[in-house]
Amino acid sequence: MYPTRCVHTISQDDNSVLSLAASDKYLFSGSQSSRIHVWDLQNFSLVTSLVGHRGSVLGLTLSPDQLRLFSCSGDGTIRVWDTETLRCIYLIQSCHDVGDIFSMIYSSTANMLIFGSQNTSIQWYDFTDPQTHGSTGNVPVIPLNPRSSQKSKFFESPSYEDICDEVDRFPAEDDLIKCVIREKNVRSNAHDGYVYCLLHAVDIPNIDGEVILSGSGDGDVKIWSISNSSLKLLNTLHGDTDKGVLSMAISEDGYLFCGVQGGDVQIWDLETNQLIRSMMAHTDDVLAVAIRGSGFVSASADGTIKVWNEEFEFRECMDDHDGIVLSMICSQDYLITGSSDHSIKFWDMPSPAKPIEQFRRTSIVQDAPSSDTLLYVLDKWITMRTVSGSPKCKEECRRGARFLKNVLQQLGAVSRMLPGTAGRNPLVYGRFSARRTSNAGISTSESKIPTVLVYGHYDVIAAQNEKQQWNTDPFTLTGKNGYLYGRGTSDNKGPVLASIFAVYELLKEGLLDVNVIFLVEGEEENGSVGFKEAVNTYKDLFTDVDLILLSNSYWLGEDVPCITYGLRGVIHASITISNTLSDLHSGVEGGAISEPLIDLIHVTGKLVDNNKQVLIPGFYDDVSQVTEYEKKLYDPIVNWLQTSETALSQSRTQHSAITSPTLSDKSRTSGTSSSSSPRTHHHNPNHTCCDKRPNIRPTQQNGPLDKEKLKQELMARWRFPTLSVHKIDVSISNRTIIPRCAKACVSMRIVPDQSIEDIAAKFEEHVRQIFADMHSENDINVEIQSSAEYWLGNPESRYFKAVEKAIQKEWHMEPLYIREGGSIPAVRFLEKFCDAPAVHLPMGQASDQAHLHNERIRLRNLHAGRRIIKSLLQDLSSSNNNMA
């Protein structure tokens, strides 16, 4: 792409260019001298000058059909010009002294002209109201607005004498229609500051129809709806009172860009009404912003024009103007700017890359089968690098969330984005409503319609490919040998879309007899930060939930479907040992001081013994006993492990949740190997049972596949607590330096019926006691950083049985009931919040490589998951009718 370059410059007498508007034929430029210059866009020549205003022309805008030009002025009036005859046809005045009129917009739908002024009011003229129609005759003398004589920061205002001289040269205006705005069309004190800019938009996020956005010197942006020839305030975006809003532009994907005093550009997400970024774009006031391609352009009183890409990153700067850049517009062919240097410049900008298709209003519902549409949508979604916790991917995450919201809307859901905590990714909410009556003909008044909440996440783990471990581009959906490769295909974009399209099919077929709510977060891979707060804020959206459904894990192998009924909880903590000294040389100070790293090694070494037993007093006290029913659930798993080829295959043992020494023994005899789980942040394959766990010590029988031993190994990974030390960081890493600070990251996986508060307190007390017994000269700090509760479902409940039935229908075999050693923070919280049980339905296989290179999902599994959920929802409806 070549850089932006100025291809033509025209001079506007000796006057600053305050405003611009362009039709297909003409460029109109408003001047400080009260004239409007008309330029031919074919040859850049001056056609004529429009006279009539008695003050600086501060704003220009065209009607959509380009037949009318509207101009507003420092003289407190608005004029309407015929763009064919280039004559003024209307003169519009307020019934109040409004001062300067800074901005205006015209709504062709409502046939209204709306303007913002110096007296903080917003007023409108309704061309359809017969009582506001003016009359022809002598134009009244428009007195000079005393406020207009004040010196502007950017240019000299015309003197009173200059204006009087100009009045004498005006042509006759006998056929001019004079109009006065009615009192009812005045919104006094619309802001607490001058109303500098107005913006007209249609169908912005969460608001259908026409809206007006007003920006003011008070720092706020207000959103108004146009209805019944009036304005209604819908929302206020509260900004900084020291940074008045001078200019605005809105992108197709719902971002509002505000140029403000001081040089910043504020970026608001209108989906969530959050200020997501305030950029130090310029060194002086930002007087104009415009959308260009997938990015935006800003112009400033510092004399520069800057171009920004879709990630809001700086791309280039143009400083050809010799003065303040006062105005800027985008025409079909050019970026056009006007300046206090009396020039207008035409810029040829490189063609931007085609923006990602957002499906904001364009329908994605086609005649093709929904399975094909599912893949089409997944292909688009995978390209979005929704990596949570990465500042570089922050805007991409929001685009991914917006994309999902729009897909839900197109498929028939009521959908919106819910803001997360400050600086975090939003949640996506969607609701599909059941049809009015059930299959059994029972009316909604006679039987409560079940409501299912489907939980998932759209964020993904970063796809590092420096070592070229990916065989394909991780952010391009690639099909090969029946599998779909790409980051997020299995975790969790693929299963989320399969669930959505299952509901869509039922809706399309007229068979949706349950309400289905989708709640898809963007911080799951980052600890679900802000999830609880967001759900609590919008609790009214989640009433009367009967079942929580999620699909965020995998089968044990390749050939047998599973149902997950339990997850361990987790406590993340840190231990820091430090002193007030600087980093020291070991050859000088070694042996003379207490070394923080050595102290930390002593402390961590007393957390777990050689038998892998956690040494914290009382750590196992509240661990629930293994019931006979639970033991029986392990029997089919052990039988499968002993007989299935995929249980011992290279791919399965490398990527499944069970990598036991027992299996490794058999793997070695068959020439295969084993390693750890792909969800390494969830699973800890190094812990086995300990002495204090009743009835779980491995048997001493010989044979590589002893059933009891396999059970114990599975329980050690799934249903008993553990403690792991993940890493130790030091203040300086050098083989001759004694670091002044050492920090260990520790996690504890907790299980029923352990309490997070109790275990955290016992952990801190134990660590501090170990350190106190050392009589060290150093200091210690123990911090509990985050936690998540365990979750345990009831496999005997009707909901688990309904899922089992749907799985059997699809795969023609009974699923394995499994637990996982990892944690999903949202599950137990949602159960408590909704007072409803959760069921976890894994869709992917053990070899899906989630979190690793070459992540994939089998196409057959994806479509099977869609059909299973579809069948489940139908069964829940019929079961509810039978109960009724």
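A quick note: this is a predicted structure, and the numbers were derived from the prediction, not measured.

### Description of the overall build of the protein chain
Broken down by element type, the protein chain carries 15 helices and 47 strands. By residue count, 58% of the 884 residues in the protein chain fall in the buried class. Of the contacts formed within the protein chain by residues at least 6 apart in sequence, a portion of 66% connects residues at least 24 apart. Carbon and sulfur atoms provide 47% of the accessible area of the protein chain, an area that totals close to 35800 Å².

### Here we look at the sheet that holds strand E8 (residues 77-82)
Sheet architecture is open: 5 strands sit in the order E6-E7-E8-E9-E13, paired in mixed fashion. Of all the strands in the sheet, the pair left with one neighbour each is strand E6 (57-62) and strand E13 (177-180). For this sheet, the mean inter-axis angle between neighbouring strands, taken without regard to orientation, is 20 degrees. Pairing geometry for E6 and strand E7 (residues 68-73), over 5 bridges, is antiparallel. Directly across from glycine 59, in E7, lies its bridge partner cysteine 72.

### Here we look at the UniProt feature "repeat: WD" (unreviewed entry) in the protein chain
In this structure's numbering, the residues bearing the UniProt feature "repeat: WD" (unreviewed entry) are residues 10-49, 50-91, 208-234, 279-309 and 318-349. Annotation note: span residues 10-49, helix share 0%, strand share 60%, distance between end C-alpha atoms 15 Å. Summarising residues 318-349: 0% helix, 56% strand, and an end-to-end C-alpha distance of 11 Å.

### Some remarks on the environment of cysteine 397
With respect to the helices and strands, cysteine 397 occurs in helix H3 (residues 394-410). Overall, cysteine 397 belongs to the buried group, its relative accessible area being 1%. Sequence spacing of cysteine 397 and tyrosine 458 is 61 residues, and the spatial spacing of their C-alpha atoms is 8.2 Å. Residues within four places of cysteine 397 in sequence aside, it is in contact with Thr386, Val387, Ser388, Asn425 and Tyr458.

### Looking at the pairing of strand E36 (residues 547-550)
Of the two faces of E36, the one carrying Leu547 and Leu549 and the one carrying Ile548 and Leu550 are both buried. Taken together, the 4 bridges between strand E32 (residues 451-457) and E36 define a ladder with parallel strand orientation. Counted as the bridge partner of valine 454 is leucine 549 from E36. Taken together, the 3 bridges between E36 and strand E46 (residues 838-840) define a ladder with parallel strand orientation.

### A closer look at unusual backbone geometry
With an omega of 10 degrees, the peptide bond running from aspartate 491 to asparagine 492 counts as cis. As for its position among the elements, asparagine 492 is in the loop between strand E34 (483-485) and helix H4 (493-508). Residue aspartate 753 is bonded to the preceding proline 752 through a cis peptide linkage, with omega at 5 degrees. Here aspartate 753 shows up in the loop between strand E42 (741-750) and helix H12 (756-774).

### Details of the sheet that holds strand E22 (residues 274-280)
Ordered by their spatial adjacency, 4 strands build an open sheet running E19-E20-E21-E22, and the pairing between neighbours is antiparallel. Each end of this open sheet is capped by a strand with a single partner; those strands are strand E19 (245-250) and E22. On average, adjacent strands in this sheet sit at an angle of 20 degrees to one another, irrespective of strand direction. Across 5 bridges, the pairing between E19 and strand E20 (residues 255-260) is antiparallel.

### Considerations on the side chain of aspartate 75
Among the structural elements, aspartate 75 can be located in the loop between E7 and E8. Buried within the structure, aspartate 75 lacks any salt-bridge partner; its nearest side chain of opposite charge belongs to arginine 79, at an N-O separation of 5.5 Å. In terms of polar contacts, aspartate 75 uses its side chain to reach the side chain of histidine 53, at 3.3 Å. A polar contact of 2.8 Å, which involves the side chain of aspartate 75, links it to the backbone nitrogen of arginine 54.

### Digging into the confidence of the model for the protein chain
Here the protein chain shows a mean pLDDT of 86. Residues at 70 or above account for 84%. Across residues 354-362, confidence stays below pLDDT 50; counting only partners more than four residues off in sequence or on other chains, it has 31 contacts. The low-confidence segment residues 664-704 (pLDDT under 50) makes 96 contacts with residues lying over four places distant or belonging to another chain.

### Some words on the packing of aromatic side chains
For any pair of aromatic rings, the description rests on two quantities: the centre-to-centre distance and the angle between the ring planes. Counted by the stated rule, this structure contains 28 aromatic pairs. Ring plane angle 85 degrees and centroid distance 5.7 Å describe the contact between tyrosine 429 and phenylalanine 542, whose orientation is recorded as edge-to-face. Remark: phenylalanine 542 occurs in the loop between helix H5 (531-537) and E36 and tyrosine 429 occurs in strand E31 (residues 427-432); sequence separation between them is 113 residues. Phenylalanine 542 matches tyrosine 429 in its accessibility class, with the two residues each being buried. In textbook terms, an aromatic cluster arises when at least three aromatic residues are bridged by ring pairs, as seen for Tyr255, Phe257, Phe296, Trp308, Phe312 and Phe314. The ring of phenylalanine 127 carries arginine 68 above its face, with NZ or CZ at 5.4 Å from the centroid. Directly above the aromatic system of tyrosine 483 lies the positively charged group of arginine 856, at a separation of 3.7 Å from the ring centroid.

### Brief notes about the nonpolar core
Among the nonpolar cores identified, the biggest contains 131 residues, and Phe432 and Phe763 are the most heavily contacted of them. Of all the elements, H4 adds the most residues to this core, at 9 residues. Excluding its chain neighbours within four sequence positions, the residues that come into contact with phenylalanine 432 are Leu408, Leu411, Gly412, Ala413, Ile500, Val503, Leu507, Leu512, Val514, Asn515, Val516 and Phe518.

### Focus: the side chain of asparagine 552
Turning to its location among the elements, asparagine 552 is positioned in the loop between E36 and strand E37 (562-567). Given the relative accessible area of 3%, asparagine 552 is considered buried. For asparagine 552, the side chain forms a polar contact with the side chain of histidine 457, separated by 3.2 Å.

### Regarding the state of the cysteines
Inspection of the entire model under this criterion finds 0 disulfides. There is no disulfide at cysteine 197, and the cysteine sulfur nearest it, in cysteine 258, is 7.0 Å away. Among the residues examined, cysteine 197 registers a relative accessible area of 6% and is labelled buried.

### Details of the pairing of E42
In terms of burial, E42 is largely enclosed, as 8 of its 10 residues are buried. Of the strand pairs in this sheet, strand E38 (residues 569-578) and E42 are connected by 10 bridges, and their pairing is antiparallel. Within the sheet, the bridge partner assigned to histidine 572 lies in E42 and is serine 747. Relative to E42, strand E40 (residues 722-730) runs antiparallel, the two sharing 8 bridges. Looking at the pairing, valine 725 lines up with valine 746 of E42.

### Brief notes about the packing of helix H7 (residues 596-604) against H12
The interhelical angle for the contact between H7 and H12, taken along N-to-C directions, is 130 degrees, at an axis separation of 9 Å. If you check the angle between H7 and H12, you find them oblique. When the axes of H7 and H12 are compared, the crossing they make is right-handed. Contacts from Asp599, His602 and Val603 in H7 reach Val767, Ile770, Phe771 and Met774 in H12. For the contact of H7 with H12, the per-class residue count stands at 5 nonpolar, 1 polar and 1 charged.

### Some details on the packing of helix H2 (residues 370-382) against H3
Put simply, H2 and H3 touch, their axes get as near as 10 Å, and they point 165 degrees apart. One way to sum up the angle between H2 and H3 is to call them roughly antiparallel. Two packed elements cross with a definite hand, and for H2 against H3 that hand is right-handed. Contacts from Val377, Lys380 and Trp381 of H2 reach H3 at Gly400, Phe403, Leu404 and Val407. Split by residue class, the contact of H2 with H3 holds 5 nonpolar, 1 polar and 1 charged.

Calculation rules
- Residues numbered from 1 in each chain as written.
- Predicted model: local features only at pLDDT ≥ 70, side-chain atom pairs only at ≥ 80, totals over all residues.
- Heavy atoms only, no water.
- Helix = DSSP H or I, 4+ residues; strand = E, 2+ residues; numbered from the N terminus.
- Buried < 20%, exposed > 50% of the residue type's maximum accessible area, 1.4 Å probe, protein only.
- Contact = heavy atoms within 4.5 Å.
- Areas by Shrake-Rupley, 256 points an atom, 1.4 Å probe, with all protein chains shown as cover.
- Pairing = 2+ DSSP bridges.
- Axes fitted to C-alpha atoms, helices over the stretch in contact; angles between N-to-C directions.
- UniProt positions renumbered as here; feature names shortened; annotations may be inferred.
- Lys, Arg positive; Asp, Glu negative; His and termini not counted.
- Salt bridge = Lys/Arg side-chain N within 4 Å of Asp/Glu carboxyl O.
- Polar contact = N/O pair within 3.5 Å; in protein donor to acceptor, adjacent residues only side chain to side chain.
- pLDDT = per-residue confidence, 0-100.
- Phe/Tyr/Trp six-rings, centres within 6.5 Å; stacked < 30°, edge-to-face > 60°.
- Lys NZ or Arg CZ within 6 Å of the ring centre and 35° of its normal.
- Core = buried A, V, L, I, M, F, W, Y, C linked by side-chain atoms within 4.5 Å.
- Disulfide = S-S within 2.5 Å.
- Parallel < 35°, antiparallel > 145°, perpendicular 65-115°, else oblique.
- Left-handed = near helix turned anticlockwise from the far one by under 90°.
- Nonpolar A, V, L, I, M, F, W, Y, C, P; charged D, E, K, R; others polar.

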